[in-house]
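Architecture and fold: a report
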Amino acid sequence: MDFKDLKKIIELVKENDIMELELQDGDFRLATKLRGNDPVYVTTSAAPQAPSASPAPSAPQASGGEMPPAPKVDAPSIKSPMVGTFYRSSSPDADPFVKAGDLVEADSTVCIIEAMKVMNEIKAEVTGRITKILVENAEAVEFGQPLFEIEPA
Amino acid sequence: MPHKIKQYILQTLRASEGTWVSSEALRQPFDISRAAISKQVRGLREKGYRIESSPRKGYRLFGRADVLAPESLYLHLEGTRFAKGTIKVSEVTQSTNDDAKQLALEGCAEGSLVLADIQVAGRGRRGRVWFGNQGDSLLFSMVLRPPLEPMRCGLLPLLVAVAVREALDKLGVKGVGIKWPNDLLVDGRKIGGILCEISTDFDRVEYAVVGVGLNVNNEADSFPDELSETACSLKMATGETWSRLDILTEILRKMDQMLRQAWSGNFRNILEDWRRSTLTSGNRVTTTLPNGSKIQGTALDIDDSGALLLKDDHGKIHLLTSGEIS
């Protein structure tokens, strides 16, 4: 897939009022969604050497729900509100905001998601105990991707 | 109240363009004594305004002082959202972004501003230190309340970079370019940095704090050694001394216009302006991703979310939301 193809696809989506589209070509994946008259692109690219541990995204789930396919999580979770990079601390040498087992309040900061250098402090939004951290520090995350498992108090 | 009186005195003296204004004319609207006016004028002088007084004639103002004080800022920013919020100016602070966050949490209006001459713990992205010297740099942060989804806030740094670039261009500083997404460069050297921090729920933004650090009148030898090759100031670039008040006013007026578009969901012009002034698109770049891996290739363009389209040496297109370009 090259830039021209990508442009063409985006044009087609716009012109034909396609509400939602997902496309995969090798390890390049594109998901677009139309909101109102303004298309919002949700896009990811794998790191240059795609880590073999992470399975290639599976076929779109049939639910047609709001979110792009994400690892199936049964427990309640804190999700990413945007595409970006996940950081567990405010700077490389600072302590992580939270560790597994920590109790958090609804307004506790649990991580930062960065995109285009905007640092977004993510709040827990519920009071409870962090049971599992689902993403490695400095890894890319998608819109709606679960970041932490939390056991509401 | 003293703020309002100072503001009125300044406004009146400025309007009379260097001619005398009687003490009576200044005191009347507030129904206060002449002595009280004299006290406010002393306060203004301490801030750097050159005000002459005469027992019989009253007061007059000399020149256009380059003073960053709430009174002068409210005047210069009249009609914009920045004249409607809190304005806090301090000589020294830890970080204007942290102060602005505090204001945001206290519920301040959109457009509230924090300025400082020196930042002790001025931060760049991921905790990097930004250098600020006594009054040479323009350091300010603002509180915004974007009526946008968190995802679209990725365009905010691009908007701010365009606003600063255009403001400088209008004042006569040519040749400022933008490196993706928001670094401001002249001749390959950095003259300014922008740090946007937001606090969000899953689907709405509680507040955004935008911090701008611009090297204005810094001399070449005032930068620490490790920055002497990579940093630059407006003075170094143009040979002139600049008024921080003029620059700030121009930037904020431009931003006010652009935010009006952005908050209505229209980023088209902003994206076009960014594309016109970028130094990144079309060039060979090396991107260092946050996890340390690198991608080499050609930067093609940005998409409508502000993410960078990079074609690597194997012809594969990457869409990047993070990474350092060099």
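Note that the structure is predicted; figures quoted are calculated from it, not measured. (Residues numbered from 1 in each chain as written. Chains lettered and ligands numbered in written order. Predicted model: local features only at pLDDT ≥ 70, side-chain atom pairs only at ≥ 80, totals over all residues. Heavy atoms only, no water.)

**Observations regarding unusual backbone geometry**
- Between B:Trp180 and B:Pro181 the backbone carries a cis peptide bond, its omega angle lying at -10°.
- Tracing the sequence through the fold places B:Pro181 in the loop between strand 6 (177-179) and strand 7 (183-186).
- The backbone of A:Glu125 sits at a positive phi, close to 70°, despite the residue not being glycine.
- Turning to its location among the elements, A:Glu125 is positioned in the loop between strand 8 (118-123) and strand 9 (128-133).
- Given a relative accessible area of 41%, A:Glu125 falls into the partly exposed group.
- In this model, A:Ala138 sits at a positive phi of 70°, which is unusual for a non-glycine residue. (Helix = DSSP H or I, 4+ residues; strand = E, 2+ residues; numbered from the N terminus. Buried < 20%, exposed > 50% of the residue type's maximum accessible area, 1.4 Å probe, protein only.)

**Some points on the environment of B:Arg45**
Residue and element names in this part refer to chain B.
- Positionally, arginine 45 belongs in helix 3 (residues 34-46).
- Residue arginine 45 is classed as partly exposed on the basis of its relative accessible area of 33%.
- Setting aside residues up to four positions removed in sequence, arginine 45 forms contacts with Ile51, Glu52 and Ser53.
- Among the polar contacts listed, one links the side chain of arginine 45 to the side chain of serine 53, at a separation of 3.2 Å. (Contact = heavy atoms within 4.5 Å. Polar contact = N/O pair within 3.5 Å; in protein donor to acceptor, adjacent residues only side chain to side chain.)

**Describing the domain arrangement of chain B**
All names here are of chain B.
- By the assigned domains, chain B splits into domain 1 (2-61), domain 2 (70-277) and domain 3 (284-325).
- Placing a centre on the C-alpha atoms of domain 1 and another on those of domain 2 gives a separation of 32 Å.
- Counting from both sides, the interface comprises 9 residues of domain 1 and, opposite them, 7 residues of domain 2.
- Between domain 1 and domain 2 the total buried area reaches about 690 Å² when both faces are included, carbon and sulfur atoms providing 59% of it.
- Contact with domain 2 buries area across many residues of domain 1, yet His3, Gln7 and Arg14 alone supply 55% of it, more than any other trio.
- At the junction of domain 1 with domain 2, the criterion picks out 0 salt bridges.
- On inspection of domain 1 and its partner domain 2, the count reaches 1 residue pair in polar contact (both at pLDDT 80 or more).
- Of the residues forming the side of domain 1 that touches domain 2, the biggest block, 6 residues, is contributed by helix 1 (residues 2-15).
- Here the side of domain 1 that touches domain 2 is composed, by residue class, of 3 nonpolar, 3 polar and 3 charged. (Domains from an automatic or database assignment. Buried area = accessible area lost by both parts, 1.4 Å probe. Salt bridge = Lys/Arg side-chain N within 4 Å of Asp/Glu carboxyl O. Nonpolar A, V, L, I, M, F, W, Y, C, P; charged D, E, K, R; others polar.)

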